[in-house]
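Structure assessment
Each chain, letter by letter, is given below.
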Amino acid sequence: MKKINYIFFIYPFVISLLNIQVIIALFYSINLAQLVAYINVLLIIIGIIHNYKNIGTISKTASLWIIFYVVYYFMGLIASVLQENYLPFTRTFVPVIYFFGFLIFLSKKEHLEVFFNITTYYLFLTCVILIVMDFLNFDVDKGGVDLANQRAQGITGDSNNAAFLSILSFIFWLIYFKTKRLKNNMFKFVVLSITIYSLLLTFSTTGFVIFIAVVVLINHKLFTPQRVILLTPLLIIAYLALINLSDLTSGLELRPLQQLKVDNIQNIARLDFENVDDSGRDHLVRGLMEYIYKSPILGNGVDFYTKMHSHNTLLGVWADSGIFGFLAFMFVLITYALSSFKLPAFQRSIALSILITFVVFMLSLQTVMNQPHLVAIFIFLGYYIDNNYVKNHNNE
């Protein structure tokens, strides 16, 4: 009976993570892809019913999303009526169903461990697939070979989403190596190198910046005052390389879009933010802000911001459900951060790294909280924080 839970929850999670529904729609049938989506949601619902009377210890941190969802839909539905924005928002219930499903499923420690292992392996698989697809010049969005493709997109069909998964894979493998106490340094080197290489192929400015922040955060203990002084010459050389990155890569024959991303990193290092290309997102955000200004309290209705293609999850929540929905969203994120600070050094750096990755990508993506697999990983983070806090508290 225990293994049937893996069908109810792990199967839909993997389908979402590997973007199999989109692959089916591109190469087989849209109707079949929709059927797969319905089956996944049905499996989650059956799983909820199956486990309802056998729930383990619920994560208080992860369960805070209930507050957000209540405020979001309460304010959003009122706004939908008043603003007469009757959008087909029923699709927004899918991530909510996944939320409740994985909140229950991960309440059992044995399920949590299985989920962690599966997530670690399949995140790595997305990195490998990205590298292979880039070698073959295969583009998911175009459904075939695209010799003009300039940035690796992997199975997500989007470079930033692909970079998101690569960074998560890097972090999850660090947890894996720590918990499994693996001593094979060559294996560690190969695995982490593949995740980093997949990230580099995306040429994601956001991804590069987050990755540097994650590496510094996880290895913060290495940056003692004495070591910083000793490493000062290397840090200066590294900084000089960054502010002259365009010249250093001039001989690599990068494609125009790839060179643009390299220039972005150079401009960020130079603090020349005016010349950092945002791929038109600034224009989209300004367009969304106009609707926020028009209705800052109530918002414009559930799922309104996806119609605007704003590429900003945080402002999108405000546009949908007003200031109260936005504050509820920020309350959850801030509580995640504050709870992370209560953990021992390694667990704290891991939790904050995952949270920072999510939050920063929320500023450039509008799909962070409506992709089922990312919702599940966010719930896992809540359990990771709470379980490690309890474990450390008991040891004391």
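Quick note: structure is the one above.
To start, this report covers the structure provided alongside it. (Residues numbered from 1 in each chain as written. Predicted model: local features only at pLDDT ≥ 70, side-chain atom pairs only at ≥ 80, totals over all residues. Heavy atoms only, no water.)

1. Structural notes on the overall build of the protein chain
Our working definition: Strands are runs of DSSP state E lasting at least 2 residues, helices are runs of H or I lasting at least 4, and numbering of each runs from the N terminus. Only protein chains enter the calculation, and the probe is 1.4 Å; a residue is then buried if its accessible area is under 20% of its type maximum, exposed if over 50%, and partly exposed in between. Contacts are assigned to residue pairs that have any heavy atoms within 4.5 Å of one another.
Of the regular secondary structure elements, the protein chain holds 17 helices and two strands. When the 396 residues of the protein chain are sorted by exposure, 49% land in the buried category. Contacts spanning at least 24 positions in sequence make up 74% of the contacts within the protein chain whose residues lie at least 6 apart.

2. Re the layout of surface pockets
Empty space among the atoms becomes apparent when a probe as large as a water molecule is rolled across them. For clarity, the threshold we go by: Space inside and on the surface of the protein is sampled on a 1 Å grid over the protein atoms alone, with a cavity defined as a set of points where a 1.4 Å probe fits but cannot get out and a pocket as an open set with protein on both sides within 12 Å along at least 5 of 7 lines; lining residues have an atom within 4 Å of a point. Grid points are joined across faces, edges and corners, and a volume is the space filled by probe spheres set on the points. Side-chain classes follow a simple rule in which Ala, Val, Leu, Ile, Met, Phe, Trp, Tyr, Cys and Pro form the nonpolar group, Asp, Glu, Lys and Arg form the charged group, and the remainder, Gly included, forms the polar group.
Taken as a whole, the second largest pocket encloses approximately 1,000 Å³ of empty space. Tyr 383, Tyr 384, Asn 387, Asn 388 and Lys 391 are the residues nearest the centre of the second largest pocket, which is lined by 35 residues in total. Put simply, the parts of the chain that give the lining of the second largest pocket at least two residues each are α6 (109-135), α7 (159-180), α16 (345-362) and α17 (372-395). For the lining of the second largest pocket, the leading source of residues is α17, giving 13 residues. Counted by class, the lining of the second largest pocket contains 13 nonpolar, 13 polar and nine charged residues.

3. Comments concerning empty space enclosed by the protein
Counted under the stated rule, the structure contains one cavity of 30 Å³ or more. Roughly 40 Å³ of internal volume is contained in the largest cavity. Those elements that provide at least two residues to the lining of the largest cavity are α6 and α7. Looking at the lining of the largest cavity residue by residue, the class counts come to five nonpolar, five polar and no charged.

4. Considerations on the packing of α7 against α16
Applied cut-off: Axes here refer to lines fitted to C-alpha atoms; in helices the fit is confined to the stretch in contact. Angles between the N-to-C directions go from 0 to 180 degrees. Relative orientations are named as follows: roughly parallel for angles under 35 degrees, roughly antiparallel for angles over 145 degrees, roughly perpendicular for angles from 65 to 115 degrees, and oblique for any other angle.
Contact geometry for α7 and α16: axes closest at 11 Å, N-to-C directions at 170 degrees. As summarised for this structure, α7 and α16 are arranged roughly antiparallel, according to the angle between their axes. Of the residues in α16, those touching α7 at Asn 160, Ala 163, Phe 164, Ile 167, Leu 168, Ile 171, Phe 172, Leu 174, Ile 175 and Lys 178 are Phe 346, Ile 350, Ser 353, Ile 354, Thr 357, Phe 358 and Phe 361. Grouping the constituent residues of the contact of α7 with α16 by class yields 13 nonpolar, three polar and one charged.

5. Considering the packing of aromatic side chains
Cut-off, in case you're wondering: Aromatic rings from Phe, Tyr and Trp, with only the six-membered ring used for Trp, were paired whenever their centres fell within 6.5 Å, and each pair was classed as stacked if the ring planes differed by under 30 degrees, edge-to-face if by over 60, and tilted otherwise. Two limits define a charge over a ring: the Lys NZ or Arg CZ must be within 6 Å of the ring centre, and within 35 degrees of the ring normal.
This model, assessed by the stated rule, comprises 41 aromatic pairs. Against the face of Tyr 291 rests Lys 294, its NZ or CZ located 5.2 Å from the ring centre. Note that Lys 342 overlies the ring of Tyr 389, its terminal NZ or CZ placed 6.0 Å from the centroid.

6. Regarding helix α15 (residues 313-340)
We apply this condition: The span one expects for a helix is its residue count, reduced by one, times 1.5 Å. Bend at a residue means the angle formed by two fitted axes: the first through the 7 residues ending at that position, the second through the 7 residues beginning there.
A rise of 1.5 Å per residue sets the reference length of α15, with its 28 residues, at 40 Å; its end C-alpha atoms lie only 22 Å apart and thus fall more than 12% short of the reference. Bending of α15 peaks at approximately 135 degrees at the position of Ser 321. Here α15 lies mainly inside the structure; 21 of its 28 residues are buried.

7. Some thoughts on unusual backbone geometry
One non-glycine residue, Asn 137, adopts positive backbone phi at about 55 degrees. By secondary structure assignment, the location of Asn 137 is in the loop between α6 and β1 (138-139). For Phe 203, which is not glycine, the phi torsion reads 50 degrees and is therefore positive. Tracing the chain through its elements places Phe 203 in the loop between α8 (185-202) and α9 (205-218). Of the residues examined, Phe 203 reaches a relative accessible area of 13% and is grouped as buried.

8. Some thoughts on the environment of Ile 323
Position of Ile 323 among the secondary structure elements: in helix α15. C-alpha separation for the pair Ile 323 and Pro 296, spaced 27 residues apart in sequence, amounts to 5.9 Å. The residues touching Ile 323, leaving out its near neighbours within four places in the chain, are Pro 296, Ile 297 and Trp 318.

9. Examining the side chain of Asn 312
Rules: Distance and chemistry together define a polar contact, namely a pair of N or O atoms within 3.5 Å, with one atom able to donate a hydrogen and the other to accept it when in protein, and with adjacent residues in sequence counting only for side-chain atoms on both sides.
With respect to the element layout, Asn 312 can be found in the loop between α14 (304-308) and α15. A polar contact of 3.0 Å, which involves the side chain of Asn 312, links it to the backbone nitrogen of Leu 315. Every residue in contact with Asn 312, bar those within four places of it in the chain, is listed here: Val 285, Tyr 305, Met 362, Leu 363, Leu 365 and Gln 366.

10. A look at the nonpolar core
Rules: Within this scheme, the nonpolar core is defined by two criteria: the residues are buried Ala, Val, Leu, Ile, Met, Phe, Trp, Tyr or Cys, and they are joined through side-chain atoms within 4.5 Å.
If you look at the biggest cluster of nonpolar residues, it comprises 92 residues, and the most contacted ones within it are Trp 65, Phe 102, Phe 115 and Phe 378. Here this core gets 13 residues from one element, more than from any other, and that element is α7. Trp 65 has contacts with Phe 99, Phe 329, Val 332, Leu 333, Tyr 336, Met 369, Phe 378 and Ile 379, leaving out every residue within four places of it along the chain.

11. A short note on helix α3 (residues 30-51)
So the rule is basically this: The directions considered for the arc run from the helix axis to the C-beta atoms.
For α3, with 22 residues, the first-to-last C-alpha span of 32 Å sits near the 32 Å given by 1.5 Å per residue. Considered for burial, the residues of α3 that qualify are Ala 33, Val 36, Ala 37, Asn 40, Val 41, Leu 43, Ile 44, Gly 47, Ile 48 and Asn 51. Looking down the long axis of α3, one finds its buried residues gathered within 150 degrees of arc, a one-sided arrangement. Facing away from the buried side of α3 by more than 90 degrees, the exposed set consists of Asn 31, Tyr 38 and Ile 49.

12. With respect to the environment of Asn 388
Secondary-structure assignment places Asn 388 in helix α17. The sequence separation of Asn 388 and Pro 344 amounts to 44 residues, and the corresponding C-alpha distance is 8.3 Å. Not counting residues within four places of it along the chain, the set of residues in contact with Asn 388 comprises Leu 343, Gln 347 and Tyr 383.

13. Brief notes about the side chain of Thr 202
Locating Thr 202 in the fold gives a position in helix α8. Here the side chain of Thr 202 touches Leu 199 through a polar contact of 2.5 Å, landing on its backbone oxygen. Apart from the residues within four sequence positions on either side, Thr 202 is in contact with Leu 130, Arg 151, Ala 152, Ser 159, Ala 162 and Ala 163.

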